[in-house]
Amino acid sequence: MTIREQIREIIEPRNESIYSRLYDWTMLSAIVIGILPLMFRGHHMVFFYFDLFSGFCFIIDYLLRWITADVRYKHNRALAFLIYPFTPMAIIDLLSILPTFNMLSPTFKVARVSRLLRLLRVIKIIRYYEPLEIIIAVIRRQSRILWTVFSLAIFYIFITALIMFNAEEDINPETGQYLFTTFFDAFYWAACTLTTVGYGDLYPISNIGRVISIISSMVGIAIIALPSGIVTAGYIDELKSRKDKDSESK
(Lines give C-alpha, C1' and ligand atoms only; values in the text may rest on other atoms or scores of the structure.)
Protein backbone atom coordinates (compact mmCIF):
# COMPACT_ATOMS: atom_id res chain seq x y z
CA MET A 1 0.00 0.00 0.00
CA THR A 2 1.42 3.38 -1.05
CA ILE A 3 1.65 6.40 1.23
CA ARG A 4 -1.23 8.13 -0.53
CA GLU A 5 -3.39 5.03 -0.15
CA GLN A 6 -2.58 4.98 3.56
CA ILE A 7 -3.53 8.66 3.82
CA ARG A 8 -6.79 7.91 2.03
CA GLU A 9 -7.57 5.13 4.51
CA ILE A 10 -6.99 7.53 7.40
CA ILE A 11 -9.10 10.41 6.09
CA GLU A 12 -11.95 8.15 4.97
CA PRO A 13 -14.67 8.39 7.66
CA ARG A 14 -15.54 5.50 9.97
CA ASN A 15 -12.66 3.19 9.16
CA GLU A 16 -11.69 0.79 11.93
CA SER A 17 -8.14 2.13 12.10
CA ILE A 18 -7.30 4.00 15.29
CA TYR A 19 -5.65 6.73 13.20
CA SER A 20 -8.80 7.11 11.14
CA ARG A 21 -10.94 7.34 14.27
CA LEU A 22 -8.59 9.96 15.70
CA TYR A 23 -8.79 11.91 12.45
CA ASP A 24 -12.60 11.75 12.49
CA TRP A 25 -12.77 13.10 16.04
CA THR A 26 -10.29 15.86 15.20
CA MET A 27 -12.38 16.98 12.24
CA LEU A 28 -15.60 16.81 14.26
CA SER A 29 -13.97 18.95 16.94
CA ALA A 30 -12.84 21.42 14.27
CA ILE A 31 -16.38 21.64 12.89
CA VAL A 32 -17.91 22.24 16.34
CA ILE A 33 -15.27 24.83 17.23
CA GLY A 34 -15.73 26.47 13.84
CA ILE A 35 -19.48 27.03 14.28
CA LEU A 36 -19.31 27.94 17.99
CA PRO A 37 -18.73 31.68 17.32
CA LEU A 38 -22.03 31.75 15.39
CA MET A 39 -23.85 31.31 18.70
CA PHE A 40 -22.65 34.71 19.92
CA ARG A 41 -23.10 38.26 18.66
CA GLY A 42 -19.86 39.61 20.05
CA HIS A 43 -16.33 38.94 18.82
CA HIS A 44 -14.09 37.49 21.49
CA MET A 45 -10.38 36.87 21.10
CA VAL A 46 -10.80 33.18 21.85
CA PHE A 47 -13.02 32.90 18.75
CA PHE A 48 -10.06 34.06 16.66
CA TYR A 49 -8.06 31.04 17.79
CA PHE A 50 -11.08 28.75 17.35
CA ASP A 51 -11.46 29.90 13.76
CA LEU A 52 -7.72 29.64 13.16
CA PHE A 53 -7.62 26.04 14.41
CA SER A 54 -10.72 24.92 12.52
CA GLY A 55 -9.63 26.71 9.34
CA PHE A 56 -6.22 25.05 9.51
CA CYS A 57 -7.86 21.62 9.91
CA PHE A 58 -10.22 22.29 6.98
CA ILE A 59 -7.36 23.38 4.72
CA ILE A 60 -5.31 20.27 5.55
CA ASP A 61 -8.36 18.05 5.03
CA TYR A 62 -9.15 19.66 1.67
CA LEU A 63 -5.58 19.27 0.43
CA LEU A 64 -5.33 15.64 1.60
CA ARG A 65 -8.57 14.74 -0.17
CA TRP A 66 -7.43 16.51 -3.31
CA ILE A 67 -4.02 14.85 -3.54
CA THR A 68 -5.60 11.41 -2.93
CA ALA A 69 -8.52 11.94 -5.31
CA ASP A 70 -7.17 9.43 -7.84
CA VAL A 71 -7.04 6.72 -5.17
CA ARG A 72 -10.78 6.99 -4.71
CA TYR A 73 -11.74 7.51 -8.36
CA LYS A 74 -9.76 4.60 -9.76
CA HIS A 75 -11.67 4.46 -13.04
CA ASN A 76 -10.66 8.02 -13.97
CA ARG A 77 -7.30 8.41 -12.28
CA ALA A 78 -6.01 10.93 -14.81
CA LEU A 79 -9.03 13.25 -14.48
CA ALA A 80 -9.61 12.72 -10.76
CA PHE A 81 -7.59 15.75 -9.71
CA LEU A 82 -9.60 17.97 -12.07
CA ILE A 83 -12.97 16.46 -11.17
CA TYR A 84 -12.63 16.51 -7.38
CA PRO A 85 -12.75 20.34 -6.82
CA PHE A 86 -16.13 20.42 -8.59
CA THR A 87 -17.78 17.66 -6.53
CA PRO A 88 -20.50 18.91 -4.11
CA MET A 89 -18.65 18.13 -0.88
CA ALA A 90 -15.39 19.59 -2.23
CA ILE A 91 -17.18 22.86 -3.03
CA ILE A 92 -18.64 22.94 0.49
CA ASP A 93 -15.18 22.23 1.92
CA LEU A 94 -13.67 25.10 -0.08
CA LEU A 95 -16.40 27.58 0.86
CA SER A 96 -16.09 26.66 4.53
CA ILE A 97 -12.39 27.58 4.35
CA LEU A 98 -13.00 31.10 3.00
CA PRO A 99 -13.97 32.63 6.40
CA THR A 100 -10.45 31.82 7.59
CA PHE A 101 -8.98 34.01 4.84
CA ASN A 102 -11.51 36.67 5.80
CA MET A 103 -10.13 36.52 9.32
CA LEU A 104 -6.48 36.73 8.25
CA SER A 105 -6.75 39.49 5.65
CA PRO A 106 -8.97 42.62 5.59
CA THR A 107 -9.14 42.25 1.80
CA PHE A 108 -11.56 39.34 2.17
CA LYS A 109 -13.78 41.00 4.81
CA VAL A 110 -17.47 40.75 4.07
CA ALA A 111 -18.90 40.14 7.54
CA ARG A 112 -22.38 38.87 6.70
CA VAL A 113 -21.14 36.63 3.87
CA SER A 114 -18.44 35.30 6.17
CA ARG A 115 -20.98 34.26 8.82
CA LEU A 116 -23.16 32.58 6.20
CA LEU A 117 -20.18 30.65 4.84
CA ARG A 118 -19.42 29.45 8.36
CA LEU A 119 -22.87 27.84 8.40
CA LEU A 120 -21.67 25.52 5.62
CA ARG A 121 -19.38 23.89 8.17
CA VAL A 122 -22.46 22.27 9.69
CA ILE A 123 -22.95 20.33 6.43
CA LYS A 124 -19.47 18.84 6.84
CA ILE A 125 -20.80 16.92 9.84
CA ILE A 126 -22.64 14.65 7.39
CA ARG A 127 -19.32 13.16 6.35
CA TYR A 128 -18.43 12.10 9.89
CA TYR A 129 -21.83 11.54 11.53
CA GLU A 130 -23.22 8.24 10.26
CA PRO A 131 -26.93 8.72 11.16
CA LEU A 132 -27.06 11.86 9.01
CA GLU A 133 -25.29 10.09 6.18
CA ILE A 134 -27.85 7.28 6.35
CA ILE A 135 -30.71 9.81 6.21
CA ILE A 136 -29.16 11.40 3.09
CA ALA A 137 -28.77 7.95 1.50
CA VAL A 138 -32.42 7.11 2.26
CA ILE A 139 -33.61 10.40 0.76
CA ARG A 140 -31.60 9.73 -2.39
CA ARG A 141 -32.94 6.20 -2.67
CA GLN A 142 -36.54 7.24 -2.06
CA SER A 143 -36.26 10.53 -3.93
CA ARG A 144 -38.93 9.70 -6.51
CA ILE A 145 -41.54 8.75 -3.89
CA LEU A 146 -40.66 11.70 -1.65
CA TRP A 147 -40.85 14.07 -4.60
CA THR A 148 -44.32 12.72 -5.41
CA VAL A 149 -45.46 13.34 -1.83
CA PHE A 150 -43.91 16.81 -1.87
CA SER A 151 -45.70 17.64 -5.14
CA LEU A 152 -48.96 16.40 -3.63
CA ALA A 153 -48.44 18.64 -0.57
CA ILE A 154 -47.71 21.73 -2.69
CA PHE A 155 -50.74 21.03 -4.89
CA TYR A 156 -52.97 20.59 -1.83
CA ILE A 157 -51.65 23.81 -0.25
CA PHE A 158 -52.32 25.70 -3.48
CA ILE A 159 -55.89 24.37 -3.82
CA THR A 160 -56.69 25.00 -0.15
CA ALA A 161 -55.26 28.52 -0.35
CA LEU A 162 -57.29 29.22 -3.47
CA ILE A 163 -60.51 28.00 -1.84
CA MET A 164 -59.90 29.89 1.39
CA PHE A 165 -58.87 33.09 -0.41
CA ASN A 166 -62.25 33.20 -2.15
CA ALA A 167 -64.35 31.76 0.71
CA GLU A 168 -63.06 33.93 3.57
CA GLU A 169 -64.47 37.35 2.66
CA ASP A 170 -65.39 38.61 6.11
CA ILE A 171 -63.66 41.70 7.44
CA ASN A 172 -61.31 41.09 10.37
CA PRO A 173 -62.69 43.29 13.21
CA GLU A 174 -59.20 43.75 14.67
CA THR A 175 -57.65 45.16 11.49
CA GLY A 176 -60.67 46.35 9.55
CA GLN A 177 -59.36 44.54 6.46
CA TYR A 178 -59.81 41.22 4.73
CA LEU A 179 -58.18 38.28 6.49
CA PHE A 180 -56.15 37.53 3.35
CA THR A 181 -55.11 40.73 1.59
CA THR A 182 -53.00 38.79 -0.92
CA PHE A 183 -52.96 35.25 -2.23
CA PHE A 184 -49.57 34.73 -0.57
CA ASP A 185 -51.24 35.26 2.83
CA ALA A 186 -53.68 32.47 2.01
CA PHE A 187 -50.84 30.24 0.77
CA TYR A 188 -48.91 30.89 3.99
CA TRP A 189 -51.99 30.06 6.07
CA ALA A 190 -52.59 26.84 4.08
CA ALA A 191 -48.96 25.73 4.58
CA CYS A 192 -49.17 26.35 8.35
CA THR A 193 -52.47 24.48 8.53
CA LEU A 194 -51.21 21.55 6.47
CA THR A 195 -48.21 21.11 8.76
CA THR A 196 -50.46 21.65 11.82
CA VAL A 197 -48.09 24.37 13.03
CA GLY A 198 -50.79 26.94 13.75
CA TYR A 199 -48.91 30.15 14.56
CA GLY A 200 -52.20 31.92 15.22
CA ASP A 201 -51.35 35.09 13.29
CA LEU A 202 -53.92 34.21 10.59
CA TYR A 203 -57.11 32.34 11.37
CA PRO A 204 -60.53 32.08 9.71
CA ILE A 205 -63.37 34.28 10.96
CA SER A 206 -66.39 32.98 9.07
CA ASN A 207 -68.00 29.60 9.69
CA ILE A 208 -67.26 28.39 6.17
CA GLY A 209 -63.63 29.33 6.64
CA ARG A 210 -63.48 27.35 9.88
CA VAL A 211 -64.99 24.29 8.18
CA ILE A 212 -62.37 24.50 5.44
CA SER A 213 -59.69 24.85 8.12
CA ILE A 214 -60.89 21.70 9.90
CA ILE A 215 -60.86 19.66 6.70
CA SER A 216 -57.45 21.03 5.72
CA SER A 217 -55.95 20.13 9.11
CA MET A 218 -57.29 16.56 9.02
CA VAL A 219 -56.03 15.93 5.49
CA GLY A 220 -52.74 17.66 6.34
CA ILE A 221 -52.01 15.15 9.10
CA ALA A 222 -52.32 12.30 6.59
CA ILE A 223 -50.10 13.99 4.00
CA ILE A 224 -47.40 14.92 6.53
CA ALA A 225 -47.37 11.33 7.88
CA LEU A 226 -46.50 9.89 4.45
CA PRO A 227 -42.85 11.05 4.18
CA SER A 228 -42.25 10.20 7.84
CA GLY A 229 -43.24 6.57 7.24
CA ILE A 230 -41.22 6.39 4.00
CA VAL A 231 -38.05 7.76 5.62
CA THR A 232 -38.44 5.55 8.71
CA ALA A 233 -38.88 2.38 6.63
CA GLY A 234 -35.97 3.36 4.38
CA TYR A 235 -33.77 4.10 7.40
CA ILE A 236 -34.40 0.63 8.86
CA ASP A 237 -33.68 -1.01 5.48
CA GLU A 238 -30.46 0.98 5.11
CA LEU A 239 -29.27 -0.03 8.59
CA LYS A 240 -30.02 -3.68 7.84
CA SER A 241 -28.21 -3.45 4.51
CA ARG A 242 -25.11 -1.96 6.12
CA LYS A 243 -25.07 -4.57 8.86
CA ASP A 244 -25.28 -7.32 6.23
CA LYS A 245 -22.35 -5.78 4.33
CA ASP A 246 -20.26 -5.51 7.51
CA SER A 247 -20.94 -9.16 8.40
CA GLU A 248 -20.01 -10.27 4.87
CA SER A 249 -16.78 -8.30 4.92
CA LYS A 250 -15.81 -9.90 8.22
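Our structure is the block above this text.
Presented here is an overview of the structure given in this document. Every value quoted in this text rests on a predicted model; they were computed, and no experiment measured them.

### Things to note about the packing of helix 1 (residues 3–11) against helix 3 (residues 45–67)
Helix-helix packing is described using two parameters, namely the angle between the two axes and the distance between the axes.
And then number 1: The geometry of helix 1 relative to helix 3 is characterised by a closest axis approach of 10 Å and an angle of 130 degrees between their N-to-C directions. Taken together, the axis directions place helix 1 and helix 3 in an arrangement best described as oblique. You can see that helix 1 and helix 3 cross each other, and the crossing is left-handed. For the pair formed by helix 1 and helix 3, the contact residues are R4, I7, R8 and I11 on the first element and L64, R65 and I67 on the second.
And then number 2: Residues that form the contact of helix 1 with helix 3 fall into these classes: four nonpolar, no polar and three charged.

### Comments concerning the pattern of salt bridges
Opposite charge on two side chains allows them to pair when their charged atoms are near.
And then number 1: For the structure shown, the criterion picks out five salt bridges.
And then number 2: In this structure, the salt-bridge partner of D70 is R4, at a minimum N-O distance of 2.6 Å. Here R4 lies in helix 1 and D70 lies in helix 4 (residues 69–72), a separation of 66 residues in the sequence.
And then number 3: A relative accessible area of 32% means that R4 is categorised as partly exposed.

### Details of a nonpolar patch on the surface
And then number 1: Where nonpolar side chains cluster on the molecular surface, the patch consists of L63, W66, I67 and F81 and spans about 330 Å² of accessible area.
And then number 2: Counting residues per element, the nonpolar patch draws most heavily on helix 3, at three residues.
And then number 3: Here F81 lies in helix 5 (residues 77–83).

### Some words on the packing of helix 2 (residues 18–35) against helix 3
And then number 1: Contact geometry for helix 2 and helix 3: axes closest at 8 Å, N-to-C directions at 135 degrees. One way to sum up the angle between helix 2 and helix 3 is to call them oblique. Regarding helix 2 and helix 3, the two cross each other, and that crossing is left-handed. Packed against helix 2, whose contacting residues are Y23, T26, M27, A30, I31, I33 and G34, the element helix 3 presents F50, F53, S54, C57, F58, D61 and L64 at the interface.

Procedures and definitions
Residues numbered from 1 in each chain as written. Predicted model: local features only at pLDDT ≥ 70, side-chain atom pairs only at ≥ 80, totals over all residues. Heavy atoms only, no water. Axes fitted to C-alpha atoms, helices over the stretch in contact; angles between N-to-C directions. Helix = DSSP H or I, 4+ residues; strand = E, 2+ residues; numbered from the N terminus. Parallel < 35°, antiparallel > 145°, perpendicular 65-115°, else oblique. Left-handed = near helix turned anticlockwise from the far one by under 90°. Contact = heavy atoms within 4.5 Å. Nonpolar A, V, L, I, M, F, W, Y, C, P; charged D, E, K, R; others polar. Salt bridge = Lys/Arg side-chain N within 4 Å of Asp/Glu carboxyl O. Buried < 20%, exposed > 50% of the residue type's maximum accessible area, 1.4 Å probe, protein only. Patch = residues over 30% accessible without salt bridge, like charges linked within 9 Å, V, L, I, M, F, W, Y side chains within 5 Å. Areas by Shrake-Rupley, 256 points an atom, 1.4 Å probe, with all protein chains shown as cover.

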